[in-house]
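Overview (structure and organization)
Residue strings, one per chain:
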Amino acid sequence: LKQGDNICLSGDYEEYNGGFSFRVRALDFGQPPRDYVWETRPSRPAPAVYKAVFPQPETDYVQATLFGGTPLPEDFVKENFVVFDLETTGLNNSPVSGAVDRIIEIGAVKIQNGRIVEKFSSFVACPVRLSMEIINLTGIDDHMLIGAPKTEDVIADFRKFSDGCILVGHNVQFDYKFIRYYGEKDGYNFEQRQLDTLTLAQEQLRLSNYKLNTVADHFGFTFNHHRAYDDAYVTAKVFIELIRLKGRLP
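Conventions used here
Residues numbered from 1 in each chain as written. Predicted model: local features only at pLDDT ≥ 70, side-chain atom pairs only at ≥ 80, totals over all residues. Heavy atoms only, no water. Buried < 20%, exposed > 50% of the residue type's maximum accessible area, 1.4 Å probe, protein only. Helix = DSSP H or I, 4+ residues; strand = E, 2+ residues; numbered from the N terminus. Pairing = 2+ DSSP bridges. Core = buried A, V, L, I, M, F, W, Y, C linked by side-chain atoms within 4.5 Å. Contact = heavy atoms within 4.5 Å. Axes fitted to C-alpha atoms, helices over the stretch in contact; angles between N-to-C directions. Polar contact = N/O pair within 3.5 Å; in protein donor to acceptor, adjacent residues only side chain to side chain.

Another point: the pairing of strand S5 (residues 103–112). The buried fraction of S5 amounts to nine of the 10 residues, a majority that puts the element mostly inside the structure. Looking at chain direction, strand S4 (residues 81–88) and S5 are connected through eight bridges and run antiparallel. Of the residues in S5, the one forming a bridge with Glu87 is Glu105. Between the antiparallel neighbours S5 and strand S6 (residues 115–123) lie two residues, among them Asn113 with a positive phi of about 55 degrees.

Counting residues in each nonpolar core, the largest one holds 29 residues, and the members touching the most others are Phe76, Phe81, Ile111 and Phe239. The leading source of residues in this core is helix H8 (residues 228–246), at nine residues. Discounting residues that sit within four places of it in the chain, Phe81 has contacts with Phe76, Val109, Lys110, Ile111, Cys165, Ile166, Val168, Leu195, Phe239 and Leu249. Listed in part, the 24 residues of the second largest apolar core include Ile106, Ala108, Tyr176 and Tyr188.

Right, let's talk about the sheet that holds strand S7 (residues 166–169) for a bit. An order of S3-S6-S5-S4-S7-S8 is seen for the six strands of this open sheet, with the pairing classed as mixed. Each having just a single partner strand, strand S3 (56–57) and strand S8 (194–196) make up the two edges of the open sheet. Strand direction decides the pairing type here: S3 and S6, joined by two bridges, are antiparallel. Looking across to S6, one finds that Pro57 is bridged to Glu118. Against the sheet, helix H5 (residues 172–185) touches S4, S5, S7 and S8, its axis set at about 85 degrees to S4.

Once that is clear, we can look at the side chain of Thr89. Here Thr89 shows up in the loop between S4 and S5. For Thr89, the side chain forms a polar contact with the side chain of Asp101, separated by 3.3 Å. Apart from residues lying up to four places away in sequence, Thr89 is in contact with Asp101, Arg102, Ile104, Cys126, Val128, Leu130 and Ile134.

A few words now on the pairing of S6. Relative to S6, S5 runs antiparallel, the two sharing eight bridges. Within S6, the residue paired with Glu105 across the bridge is Phe123.

Below, the structure written as C-alpha coordinates:
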(Lines give C-alpha, C1' and ligand atoms only; values in the text may rest on other atoms or scores of the structure.)
Protein backbone atom coordinates (compact mmCIF):
# COMPACT_ATOMS: atom_id res chain seq x y z
CA LEU A 1 0.00 0.00 0.00
CA LYS A 2 1.08 3.56 -0.63
CA GLN A 3 -0.39 6.89 0.30
CA GLY A 4 -3.44 7.71 -1.83
CA ASP A 5 -4.50 4.10 -2.49
CA ASN A 6 -8.16 3.16 -1.93
CA ILE A 7 -8.88 -0.09 -0.12
CA CYS A 8 -11.97 -2.04 0.95
CA LEU A 9 -12.12 -3.67 4.37
CA SER A 10 -14.36 -6.30 5.90
CA GLY A 11 -14.43 -7.20 9.55
CA ASP A 12 -16.21 -6.60 12.84
CA TYR A 13 -16.85 -3.65 15.11
CA GLU A 14 -16.17 -4.20 18.78
CA GLU A 15 -16.40 -2.00 21.82
CA TYR A 16 -13.07 -1.38 23.53
CA ASN A 17 -12.19 0.98 26.38
CA GLY A 18 -15.41 2.93 26.02
CA GLY A 19 -15.27 3.34 22.24
CA PHE A 20 -15.74 1.39 19.04
CA SER A 21 -12.84 -0.19 17.21
CA PHE A 22 -12.84 -2.07 13.91
CA ARG A 23 -11.07 -5.43 13.61
CA VAL A 24 -10.10 -6.13 10.01
CA ARG A 25 -10.51 -9.68 8.72
CA ALA A 26 -9.86 -9.06 5.01
CA LEU A 27 -8.80 -6.19 2.77
CA ASP A 28 -8.18 -5.55 -0.90
CA PHE A 29 -7.80 -2.66 -3.32
CA GLY A 30 -11.07 -0.99 -4.28
CA GLN A 31 -12.88 2.23 -5.13
CA PRO A 32 -15.74 3.96 -3.30
CA PRO A 33 -19.16 3.94 -5.01
CA ARG A 34 -19.65 6.67 -7.61
CA ASP A 35 -21.92 8.87 -5.46
CA TYR A 36 -20.34 8.12 -2.10
CA VAL A 37 -20.18 11.13 0.26
CA TRP A 38 -17.32 11.12 2.76
CA GLU A 39 -18.35 11.88 6.32
CA THR A 40 -16.03 13.01 9.08
CA ARG A 41 -16.55 11.28 12.39
CA PRO A 42 -17.37 13.97 14.99
CA SER A 43 -14.75 14.60 17.63
CA ARG A 44 -15.16 13.82 21.27
CA PRO A 45 -15.70 17.08 23.14
CA ALA A 46 -12.77 18.54 25.02
CA PRO A 47 -12.56 17.12 28.56
CA ALA A 48 -14.30 19.15 31.25
CA VAL A 49 -11.25 19.09 33.55
CA TYR A 50 -7.53 18.50 33.27
CA LYS A 51 -6.35 15.05 34.31
CA ALA A 52 -2.56 14.90 34.02
CA VAL A 53 -1.13 18.22 32.80
CA PHE A 54 -2.26 21.39 34.54
CA PRO A 55 -1.51 24.67 32.73
CA GLN A 56 0.27 27.43 34.62
CA PRO A 57 0.17 31.23 34.19
CA GLU A 58 2.99 32.62 32.05
CA THR A 59 4.08 36.20 31.41
CA ASP A 60 6.67 37.53 28.99
CA TYR A 61 7.78 40.83 30.50
CA VAL A 62 10.44 41.45 27.83
CA GLN A 63 7.99 41.04 24.95
CA ALA A 64 5.86 43.95 26.17
CA THR A 65 8.66 46.50 25.79
CA LEU A 66 11.23 45.14 23.32
CA PHE A 67 9.26 45.73 20.12
CA GLY A 68 6.52 47.93 21.52
CA GLY A 69 6.71 50.66 18.86
CA THR A 70 4.43 48.98 16.31
CA PRO A 71 0.94 47.99 17.46
CA LEU A 72 -0.32 44.49 16.88
CA PRO A 73 -3.06 44.12 14.25
CA GLU A 74 -6.60 44.05 15.56
CA ASP A 75 -7.51 40.71 13.95
CA PHE A 76 -4.56 39.10 15.76
CA VAL A 77 -5.47 40.52 19.16
CA LYS A 78 -9.03 39.22 18.86
CA GLU A 79 -7.96 35.59 18.30
CA ASN A 80 -6.63 32.98 20.72
CA PHE A 81 -3.60 30.89 19.74
CA VAL A 82 -1.78 27.86 21.11
CA VAL A 83 1.84 27.66 19.99
CA PHE A 84 3.22 24.16 20.52
CA ASP A 85 6.23 21.94 19.97
CA LEU A 86 6.98 18.25 20.49
CA GLU A 87 9.98 16.07 21.13
CA THR A 88 9.59 12.57 19.69
CA THR A 89 11.44 9.28 19.38
CA GLY A 90 11.92 9.83 15.64
CA LEU A 91 10.65 11.55 12.52
CA ASN A 92 7.88 9.24 11.33
CA ASN A 93 4.51 10.98 11.83
CA SER A 94 2.49 8.90 9.34
CA PRO A 95 1.28 5.29 9.67
CA VAL A 96 1.73 4.97 5.89
CA SER A 97 5.48 4.80 6.54
CA GLY A 98 5.30 2.27 9.37
CA ALA A 99 4.93 2.56 13.13
CA VAL A 100 4.44 6.19 14.11
CA ASP A 101 7.13 7.45 16.49
CA ARG A 102 6.21 8.30 20.06
CA ILE A 103 5.78 11.71 21.66
CA ILE A 104 8.12 12.07 24.65
CA GLU A 105 7.61 15.75 25.51
CA ILE A 106 5.04 18.42 24.71
CA GLY A 107 5.32 22.14 25.31
CA ALA A 108 2.84 24.88 24.48
CA VAL A 109 1.91 28.44 25.34
CA LYS A 110 -1.38 30.26 24.91
CA ILE A 111 -1.61 33.74 23.40
CA GLN A 112 -4.63 35.88 24.28
CA ASN A 113 -5.09 39.58 23.55
CA GLY A 114 -1.70 39.53 21.83
CA ARG A 115 0.17 38.32 24.92
CA ILE A 116 1.59 35.05 26.20
CA VAL A 117 -0.58 34.18 29.20
CA GLU A 118 -0.37 30.44 29.94
CA LYS A 119 1.98 27.46 29.63
CA PHE A 120 1.42 23.73 29.11
CA SER A 121 4.40 21.41 29.53
CA SER A 122 4.92 17.73 30.23
CA PHE A 123 7.05 14.71 29.59
CA VAL A 124 5.13 11.78 28.08
CA ALA A 125 5.56 8.14 29.06
CA CYS A 126 7.27 6.08 26.38
CA PRO A 127 7.13 2.25 26.17
CA VAL A 128 10.31 2.01 24.08
CA ARG A 129 13.91 2.82 24.89
CA LEU A 130 15.20 6.12 23.54
CA SER A 131 17.99 6.02 20.99
CA MET A 132 21.30 7.70 21.75
CA GLU A 133 20.61 10.06 18.85
CA ILE A 134 17.44 11.35 20.53
CA ILE A 135 19.10 11.49 23.95
CA ASN A 136 22.00 13.53 22.56
CA LEU A 137 19.69 15.81 20.56
CA THR A 138 17.15 16.60 23.29
CA GLY A 139 18.94 15.87 26.55
CA ILE A 140 15.98 13.67 27.51
CA ASP A 141 16.79 10.16 28.72
CA ASP A 142 14.68 7.16 29.76
CA HIS A 143 14.89 7.96 33.48
CA MET A 144 13.34 11.40 32.91
CA LEU A 145 10.22 9.74 31.49
CA ILE A 146 9.61 7.43 34.47
CA GLY A 147 6.30 8.37 36.05
CA ALA A 148 5.30 10.67 33.18
CA PRO A 149 1.61 10.65 32.17
CA LYS A 150 0.44 8.40 29.36
CA THR A 151 0.11 9.70 25.81
CA GLU A 152 -3.68 9.47 25.84
CA ASP A 153 -3.94 11.54 29.03
CA VAL A 154 -1.57 14.22 27.76
CA ILE A 155 -3.38 14.43 24.42
CA ALA A 156 -6.76 14.76 26.16
CA ASP A 157 -5.44 17.61 28.31
CA PHE A 158 -3.88 19.28 25.27
CA ARG A 159 -7.25 19.02 23.52
CA LYS A 160 -8.77 20.97 26.42
CA PHE A 161 -5.89 23.49 26.49
CA SER A 162 -6.13 24.20 22.75
CA ASP A 163 -9.94 24.14 22.48
CA GLY A 164 -11.14 27.10 20.40
CA CYS A 165 -7.59 28.22 19.55
CA ILE A 166 -5.62 28.45 16.30
CA LEU A 167 -2.63 26.08 16.42
CA VAL A 168 0.79 27.57 15.64
CA GLY A 169 4.20 25.95 15.20
CA HIS A 170 7.49 26.21 13.36
CA ASN A 171 7.03 23.77 10.47
CA VAL A 172 3.70 23.15 12.15
CA GLN A 173 2.58 20.21 10.00
CA PHE A 174 5.35 17.98 11.33
CA ASP A 175 4.19 18.23 14.94
CA TYR A 176 0.51 18.55 14.05
CA LYS A 177 0.49 15.12 12.36
CA PHE A 178 1.66 13.51 15.62
CA ILE A 179 -1.04 15.33 17.58
CA ARG A 180 -3.70 14.41 15.03
CA TYR A 181 -2.65 10.75 14.90
CA TYR A 182 -2.59 10.19 18.65
CA GLY A 183 -5.69 12.33 19.15
CA GLU A 184 -7.72 10.30 16.66
CA LYS A 185 -6.81 7.09 18.47
CA ASP A 186 -8.97 8.33 21.36
CA GLY A 187 -11.59 10.12 19.30
CA TYR A 188 -10.19 13.67 19.53
CA ASN A 189 -10.09 15.47 16.17
CA PHE A 190 -7.74 18.45 16.16
CA GLU A 191 -9.47 20.33 13.36
CA GLN A 192 -8.40 23.87 14.22
CA ARG A 193 -6.74 26.16 11.71
CA GLN A 194 -2.93 25.97 11.73
CA LEU A 195 -0.42 28.74 11.12
CA ASP A 196 3.27 28.16 10.38
CA THR A 197 5.98 30.54 11.60
CA LEU A 198 8.37 28.96 9.09
CA THR A 199 6.19 30.14 6.19
CA LEU A 200 5.64 33.53 7.81
CA ALA A 201 9.40 33.99 8.30
CA GLN A 202 10.07 33.10 4.66
CA GLU A 203 7.53 35.74 3.61
CA GLN A 204 8.72 38.52 5.93
CA LEU A 205 12.47 38.04 6.37
CA ARG A 206 15.58 37.56 4.24
CA LEU A 207 17.79 35.11 6.09
CA SER A 208 20.41 32.50 5.20
CA ASN A 209 18.00 29.80 6.42
CA TYR A 210 14.74 29.66 8.33
CA LYS A 211 15.52 27.25 11.13
CA LEU A 212 13.94 28.27 14.42
CA ASN A 213 17.24 29.24 16.03
CA THR A 214 18.13 31.42 13.01
CA VAL A 215 14.79 33.23 13.09
CA ALA A 216 15.03 33.63 16.87
CA ASP A 217 18.55 35.07 16.55
CA HIS A 218 17.19 37.63 14.06
CA PHE A 219 14.87 38.99 16.76
CA GLY A 220 17.44 38.65 19.54
CA PHE A 221 15.70 35.77 21.34
CA THR A 222 17.84 33.15 23.08
CA PHE A 223 16.52 29.75 24.19
CA ASN A 224 17.34 26.11 24.95
CA HIS A 225 16.80 24.49 21.54
CA HIS A 226 15.33 20.98 21.15
CA ARG A 227 13.29 21.08 24.33
CA ALA A 228 9.57 21.29 23.70
CA TYR A 229 8.54 24.10 26.02
CA ASP A 230 11.54 26.30 25.21
CA ASP A 231 10.94 25.84 21.48
CA ALA A 232 7.23 26.60 21.87
CA TYR A 233 7.89 29.69 23.97
CA VAL A 234 10.38 31.23 21.57
CA THR A 235 8.16 30.28 18.61
CA ALA A 236 5.35 32.24 20.26
CA LYS A 237 7.61 35.28 20.64
CA VAL A 238 8.72 34.96 17.00
CA PHE A 239 5.08 34.54 15.91
CA ILE A 240 4.03 37.77 17.60
CA GLU A 241 6.82 39.74 15.92
CA LEU A 242 6.18 38.20 12.48
CA ILE A 243 2.51 39.16 12.74
CA ARG A 244 3.55 42.63 13.83
CA LEU A 245 5.67 42.90 10.67
CA LYS A 246 2.96 41.49 8.42
CA GLY A 247 0.31 43.78 9.87
CA ARG A 248 -2.49 41.18 9.79
CA LEU A 249 -3.26 37.52 10.20
CA PRO A 250 -2.56 35.37 7.12
